[in-house]
Amino acid sequence: MKKYYPLLANVVAQTIFGLAFFFIKMGMAVVNQDTVKFLSFRFTIGFFVMTLILALGFKKVDYKKGFFGLILLCGLFNPAISQILETTSTSYAPTSQIAMYNSMLPIVMLIFSALINKEYPTKRQLMFVLVCVAGVFLANMVEPGSTGMTKIGLCLIIGTNIAVAMNRVLVRRASAIFTSFEIIYVTTGMGAILFNLISVGKSSYKGVLPSYFDGLLCPQFAVSVIYMGIASCVVAFLFMTYASANLPFAVYASTCTLSTVIAIVSGVFLLHETFKPMQAVGTVVILIGIIGISLSYDKKDESSNKFHMKKSR
């Protein structure tokens, strides 16, 4: 049973990520679609919580045991690049459509993992990953323009997938040296510093710095950034990093597709977005792929994972 803990951790992480688009939409509406300002609050809260955990002695960090630049490279792709692209995309595309295209992420991750980490999926794992991809194509067999997707939105989503895939492959490599907490603490701190510098600088230039924190007075915005700062930035990323270090990569990559289904459901039922019958068929096919790849997880795959780390947590 213990061998399934990493799988369960990734399921929890992807569920949190799937609901994130709902909270992003809610928070972005309050700050007039100001991507960087929203991200500055989100990552500041996450970094503060993690720093508090360190200060109370619940966790310790040691960055002298390996190449620290690898973690910085992880942070460059996520949050620096991917979060700007992903958060901005919510202003140009419906949540359900963003989620649908994001389900292509596993195949992008597998390509980068093979090129960078020399990790290759088994034939059975690859078959179910392709089932997930087939689900994406089925879901997008709808009349062009009927879903609310824009060209800018599509470009932002594609860019997000590439950046996130690079980050997760590099995080997997970094996990062989550093703990999940050590990696996420640095990357969250990078996001807090970068987005605050940009956002505060922009507010100062426009002469609206005194009203910078007004958004927090709105319960809608406060709930949004607390969820994204604590649940998404800290809890989900810690769980996902732990899963990345302990699962065969094809299993890890494919179960990341679960966030797609969660995001689609939240977009339809919470944001009342359009959802066509063919998209429902595609979602079912994606779920079949996720279940299939999860059932393909066995001890033999785990033992062949050269980046498997018992110390990761």
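In the block above lies the structure referred to throughout.
Summary of the structure given here.

With that out of the way, let us pick up the environment of Phe221. Note on placement: Phe221 falls in helix H9 (residues 219-246). Residues Phe221 and Ala165, spaced 56 residues apart in sequence, show a C-alpha to C-alpha distance of 29 Å. Those residues within four positions of Phe221 in sequence are excluded, and the remaining contacts are Gly27, Val30, Val31, Phe38, Phe41, Gly215 and Leu216.

Now for the packing of aromatic side chains. Tallied over the full model, the rule gives 13 aromatic pairs. The interplanar angle of 85 degrees and the centroid separation of 5.8 Å between the aromatic rings of Phe41 and Phe213 together place this pair among those described as edge-to-face. In this pair, Phe41 sits in helix H2 (residues 35-55) while Phe213 sits in the loop between helix H8 (180-206) and H9, placing the two residues 172 residues apart along the sequence. A ring pair is formed by Tyr63 and Phe178, whose centres lie 6.1 Å apart and whose planes are at 40 degrees; its orientation type is tilted.

To continue, consider the nonpolar core. Side chains of nonpolar character tend, in soluble globular proteins, to be buried together. Ranked by size, the top nonpolar core spans 65 residues in total, and within it Phe38, Met109 and Tyr252 carry the most contacts. Take this core: its biggest share by element is 12 residues, from H9. Discounting residues that sit within four places of it in the chain, Tyr252 has contacts with Asn10, Met109, Arg168, Met240, Ala243, Ser244 and Leu247. In this structure, Ile98, Met100, Ile264 and Ile286 belong to the second largest nonpolar core, which totals 13 residues.

Applying the stated rule across the entire model yields 3 salt bridges. Between Lys65 and Glu182 there is a salt bridge, with its nearest N and O atoms 3.0 Å apart. In this pair, Lys65 sits in the loop between H2 and helix H3 (69-89) while Glu182 sits in helix H8, placing the two residues 117 residues apart along the sequence. Its relative accessible area of 36% is what places Lys65 among the partly exposed residues. Given a relative accessible area of 2%, Glu182 falls into the buried group.

This part is about a nonpolar patch on the surface. On the surface, a cluster of nonpolar side chains totalling about 500 Å² of accessible area is made up of Leu8, Val11, Val12, Ile226, Ile230, Val235 and Phe239. Of all the secondary-structure elements, those providing two or more residues to the nonpolar patch are helix H1 (5-30) and H9. Per-element tally for the nonpolar patch: the top contributor is H9, with 4 residues. Structurally, the position occupied by Leu8 is in helix H1. Using a relative accessible area of 51% as the deciding quantity, one classes Leu8 as exposed.

This part takes up the packing of helix H4 (residues 95-102) against helix H7 (residues 151-174). Running from N to C, H4 and H7 point in directions that differ by 40 degrees, and their axes come no closer than 10 Å. Taken together, H4 and H7 sit at an angle that is classed as oblique. Seen from above, H4 lies across H7 with right-handed handedness. Contacts between H4 and H7 pair Ile98, Tyr101 and Asn102 from the former with Leu154, Ile157 and Asn161 from the latter. Classifying every residue of the contact of H4 with H7 by side-chain character gives 4 nonpolar, 2 polar and no charged.

A cis amide bond links Asn78 to the next residue, Pro79, at an omega of 25 degrees. Tracing the backbone shows Pro79 in helix H3. The backbone of Asn32 sits at a positive phi, close to 55 degrees, despite the residue not being glycine. Mapped onto the elements of the fold, Asn32 is located in the loop between H1 and H2. Its identity as a non-glycine residue notwithstanding, Gln33 has a phi of 60 degrees, on the positive side. Assignment of secondary structure puts Gln33 in the loop between H1 and H2.

What follows concerns the side chain of Glu86. For Glu86, the location among the structural elements is in helix H3. As a buried residue without a salt bridge, Glu86 has its nearest oppositely charged side chain in Arg42, at a separation of 5.0 Å. Setting aside its immediate chain neighbours within four residues, Glu86 contacts Phe21, Asn102 and Thr160.

The rules behind the values
- Residues numbered from 1 in each chain as written.
- Predicted model: local features only at pLDDT ≥ 70, side-chain atom pairs only at ≥ 80, totals over all residues.
- Heavy atoms only, no water.
- Helix = DSSP H or I, 4+ residues; strand = E, 2+ residues; numbered from the N terminus.
- Contact = heavy atoms within 4.5 Å.
- Phe/Tyr/Trp six-rings, centres within 6.5 Å; stacked < 30°, edge-to-face > 60°.
- Core = buried A, V, L, I, M, F, W, Y, C linked by side-chain atoms within 4.5 Å.
- Buried < 20%, exposed > 50% of the residue type's maximum accessible area, 1.4 Å probe, protein only.
- Salt bridge = Lys/Arg side-chain N within 4 Å of Asp/Glu carboxyl O.
- Patch = residues over 30% accessible without salt bridge, like charges linked within 9 Å, V, L, I, M, F, W, Y side chains within 5 Å.
- Areas by Shrake-Rupley, 256 points an atom, 1.4 Å probe, with all protein chains shown as cover.
- Axes fitted to C-alpha atoms, helices over the stretch in contact; angles between N-to-C directions.
- Parallel < 35°, antiparallel > 145°, perpendicular 65-115°, else oblique.
- Left-handed = near helix turned anticlockwise from the far one by under 90°.
- Nonpolar A, V, L, I, M, F, W, Y, C, P; charged D, E, K, R; others polar.
- Lys, Arg positive; Asp, Glu negative; His and termini not counted.

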